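Next come the chains, spelled out residue by residue.
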Amino acid sequence: MTVPSFTWSTTAHTRQRTVLEKSISGDRRSHAYFLYGISHVGKRRIARDLAGFLLCADDKVKPCGECQNCRAGHSNPDLVFLRSNDTDIGIEIMRSFMQ
């Protein structure tokens, strides 16, 4: 399988980016990715970059910025960001999301 070229929007989190790149470069993609940690370290940026790669329909460059999925941006119905005002995302939040 040829992996499309992809550039992260951040140079931080080298270890985490490497783990994600290995996951998405093969046939080991997960149905969900859970990113957690302290506030303001770049989790959302990593998540948006990953979503752009996974949702883009182009086979050579991801995200291409031209396909329907890229034009939909982060309003794509297949992309969901969960956030809680509490320190944890509890089971109640997950249950309400699933309904």
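In short, a report on the structure. Note that the structure is a prediction, hence the values are computed from the model and not measured. In this numbering scheme, every chain counts its residues from 1 along its sequence in written order. Thresholds applied to this predicted model are a pLDDT of at least 70 for local features of residues and 80 or more for the giving and counting of side-chain atom pairs; totals over whole chains, interfaces and linings are not thresholded and use all residues. Side-chain measures here rest on the full set of heavy atoms in the structure, leaving out hydrogens and waters.

### Some words on helix α2 (residues 43-55)
Our working rule: Counting from the N terminus, the helices are DSSP H or I runs at least four residues long and the strands are E runs at least two residues long. The span one expects for a helix is its residue count, reduced by one, times 1.5 Å. Note on contacts: a residue pair qualifies if any of its non-hydrogen atoms lie within 4.5 Å across the two residues.
A rise of 1.5 Å per residue sets the reference length of α2, with its 13 residues, at 18 Å; its end C-alpha atoms lie 18 Å apart and thus fit the reference within 8%. For α2, the elements touching its buried residues are α1 (14-25) and α3 (68-72).

### A word on unusual backbone geometry
We note that His-13 has phi near 60°; this positive angle belongs to a residue other than glycine. Mapped onto the elements, His-13 comes out in the segment before α1.

### Regarding the environment of Ala-47
Mapped onto the secondary structure, Ala-47 falls in helix α2. The contact partners of Ala-47, leaving out residues within four places of it in the chain, are Leu-35 and Phe-81.

### A short note on the nonpolar core
Let me state the cut-off plainly: In this text, buried Ala, Val, Leu, Ile, Met, Phe, Trp, Tyr and Cys residues form a nonpolar core when linked through side-chain atoms within 4.5 Å. The rule is simple: take the accessible area with a 1.4 Å probe, protein chains only, and divide by the maximum for that residue type; under 20% is buried, over 50% is exposed, in between is partly exposed.
Phe-6, Trp-8, Leu-20, Ile-24, Ile-46, Leu-50 and Phe-53 form the largest nonpolar core, which has seven residues in total. Mapped onto this core, the elements with two or more residues apiece are α1 and α2. With three residues, α2 is the single largest residue contributor to this core. Contact partners of Leu-20, with chain neighbours within four places excluded, come to Trp-8, Tyr-33, Ile-46 and Leu-50.

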